[in-house]
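Results of the structural survey
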Amino acid sequence: MSVAHDFNIFKPMQDLTFEHTISHQCGVTMNDSVEARCIAEVMESKPGIKVTYMPAMIRIDGEGRMEFKMDEISEALGREMTPHLFEISTSTHYGRMVMIDDNTVMLFGNMDDALEYT
């Protein structure tokens with residue numbers, strides 16, 4: 001199934017404005033793979049999540065916090081996804097990543113929110 005995406009997270013330099021504020025955004029970038037596409041499909045159905053497909057990468061961005069549930073991803077993938085396999089699937093992330101339990105990985109855009117779990 002092909003999904004059309006008409007937004008782009010990248011802007012030309014002339015369209016950028018620099019502000020001295022904190023964004024509270026968080027997200028992951030993954031190399032395009034079966035696992036990454038599955039994670040993206042699960043996450044793009046959630047409110048406030050923006051998924052961007054690029055030729056060789058997939059980026060998932062959110063505001064405040066993002067919750068990745070391994071059981072949801074496992075069901076969609078058709079095999080087990082663990083927090084450790086999830087971390088292997090992500091090339092990089094921004095925000096604070098915390099493994100809450102064996103089923104949940106959270107990303108926090110607000111570092112103070114993550115302190116509850118560290």
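Predicted, not measured: the structure shown is a model, and the values here were computed from it.

Attention now goes to the pairing of strand β6 (residues 96-101). In terms of strand pairing, β6 meets strand β7 (residues 104-108) through five bridges, oriented antiparallel. The residue of β7 that forms the bridge with Met 99 is Val 105. Between β6 and β7, which pair antiparallel in sequence order, lie two residues.

Right, let's talk about the nonpolar core for a bit. Formed by 23 residues in total, the largest nonpolar core has its most connected members in Ile 39, Ile 60, Met 66, Phe 68, Ile 73 and Phe 86. Going through the elements one at a time, β1 (25-31), α1 (34-44), β3 (57-63), β4 (65-69), α2 (70-77) and β7 are the ones with two or more residues in this core. Here this core takes six residues from α1, the largest share from any one element. If we skip the residues at most four places from it in the chain, Ile 73 touches Cys 38, Ile 39, Val 42, Phe 68 and Met 81.

The next thing to look at is the packing of aromatic side chains. Under the counting rule described, the total for this entry stands at two aromatic pairs. Between Phe 68 and Phe 86, the aromatic rings sit 4.7 Å apart at their centres with planes inclined by 45°, giving tilted as the arrangement. Remark: Phe 86 occurs in helix α3 (residues 83-89) and Phe 68 occurs in strand β4; sequence separation between them is 18 residues.

This part takes up the pairing of β4. Only one face of β4 is covered, namely the one carrying Met 66 and Phe 68; the face carrying Arg 65, Glu 67 and Lys 69 has none of its residues buried. Bridge count between β4 and β7: five bridges; the pairing is antiparallel. Bridge pairing in β7 places Met 66 opposite Leu 107.

Here we take up the environment of Glu 72. Note on placement: Glu 72 falls in helix α2. On the basis of relative accessibility, which here comes to 33%, the residue Glu 72 falls in the partly exposed class. Considered as a pair, Glu 72 and Met 43 are 29 residues apart in the sequence and their alpha carbons are 9.5 Å apart. With near-sequence residues (within four places) excluded, Glu 72 lies in contact with Val 42 and Lys 46.

Here we come to the sheet that holds β7. Consider a sheet: its strands pair through backbone hydrogen bonds, and that pairing is either parallel or antiparallel. Spatially, β4-β7-β6 is the arrangement adopted by the three strands of the open sheet, whose pairing is antiparallel. Looking at the sheet topology across the chains shown, the edges are occupied by β4 and β6. Strand-to-strand twist across the sheet, computed as the mean angle between neighbouring axes with direction ignored, equals 20°. Along the sheet, α2 makes contact with β4 and β7, crossing β4 at roughly 50°.

Turning our eyes to something else, we now look at the packing of α1 against α2. Look at α1 against α2: their axes get within 9 Å of each other, and the N-to-C directions meet at 120°. Regarding the angle of α1 to α2, the classification is oblique. Crossing of α1 over α2 shows right-handed handedness. Between α1 and α2, the contacting residues are Val 34, Glu 35, Cys 38, Ile 39 and Val 42 on the first element and Glu 72, Ile 73, Ala 76 and Leu 77 on the second. In terms of residue class, the contact of α1 with α2 is built from seven nonpolar, no polar and two charged.

Here is what the cut-offs are and how they apply
- Residues numbered from 1 in each chain as written.
- Predicted model: local features only at pLDDT ≥ 70, side-chain atom pairs only at ≥ 80, totals over all residues.
- Heavy atoms only, no water.
- Pairing = 2+ DSSP bridges.
- Helix = DSSP H or I, 4+ residues; strand = E, 2+ residues; numbered from the N terminus.
- Core = buried A, V, L, I, M, F, W, Y, C linked by side-chain atoms within 4.5 Å.
- Buried < 20%, exposed > 50% of the residue type's maximum accessible area, 1.4 Å probe, protein only.
- Contact = heavy atoms within 4.5 Å.
- Phe/Tyr/Trp six-rings, centres within 6.5 Å; stacked < 30°, edge-to-face > 60°.
- Axes fitted to C-alpha atoms, helices over the stretch in contact; angles between N-to-C directions.
- Parallel < 35°, antiparallel > 145°, perpendicular 65-115°, else oblique.
- Left-handed = near helix turned anticlockwise from the far one by under 90°.
- Nonpolar A, V, L, I, M, F, W, Y, C, P; charged D, E, K, R; others polar.

Take it as geometry only, folks, not as evidence of what the structure does.
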